[in-house]
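Each chain is listed here by its residues.
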Amino acid sequence: MASQAVKFAYNGTIASTLRKFAWTNLWGGREYGLQFHDTYFEPAPEVTEALRRLNLQEPHVFDQRKIRLSRAHTLALHGEKLPKAEWTQWSQESWYLKPYLDEIEAEKKARAESSGLIPPYEMKQH
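Residues numbered from 1 in each chain as written. Predicted model: local features only at pLDDT ≥ 70, side-chain atom pairs only at ≥ 80, totals over all residues. Heavy atoms only, no water.

Asker: Explain unusual backbone geometry to me, please; I cannot follow it from the model alone.
Answerer: For residues other than glycine, phi is negative in most cases, and the peptide bonds are mostly trans. Residue Trp95 is not a glycine yet carries a positive backbone phi of 50°. Looking at Trp95, the relative accessible area reads 5%, which means it is buried. (Buried < 20%, exposed > 50% of the residue type's maximum accessible area, 1.4 Å probe, protein only.)

Pasting the structure below:
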């Protein structure tokens, strides 16, 4: 999935331009070969659930994520960055968690409007 195919809440020309500018100039993960969703905070229940669903439906994407994170951690520990030719390009960005995060948000909204029950992935596990 290319970065242009993803539907964002604000998908106008200005929003798309700002998104690309911020991704290209302000975000440092591309220097380590990461995609933007690789840096999402995993202890957040929505992200944990999205990763669980990703692993069930697209295990190869989940494995690629683990490989990118492992390489980035190794590079960071050694104080190195990838050569500029290997940095993640805008055309390679897939926003792979967005469909799952949107699905989870829709489920939370529907549940809050109907029953108000807390979804299982948000309950504290001991």
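Asker: Got a minute to help me understand the environment of Arg65 in this structure?
Answerer: If you trace the backbone, Arg65 turns up in helix α3 (residues 59–77). Sequence-wise, Arg65 and Leu34 are 31 residues apart; in three dimensions their C-alpha atoms are separated by 8.2 Å. Those residues within four positions of Arg65 in sequence are excluded, and the remaining contacts are His37, Asp38, Tyr40, Glu42, Leu51 and Tyr96. A polar atom in the side chain of Arg65 sits 3.5 Å from the backbone oxygen of Asp38. Within the structure, the side chain of Arg65 is placed 3.1 Å from the side chain of Glu42, a separation counted as a polar contact. (Helix = DSSP H or I, 4+ residues; strand = E, 2+ residues; numbered from the N terminus. Contact = heavy atoms within 4.5 Å. Polar contact = N/O pair within 3.5 Å; in protein donor to acceptor, adjacent residues only side chain to side chain.)

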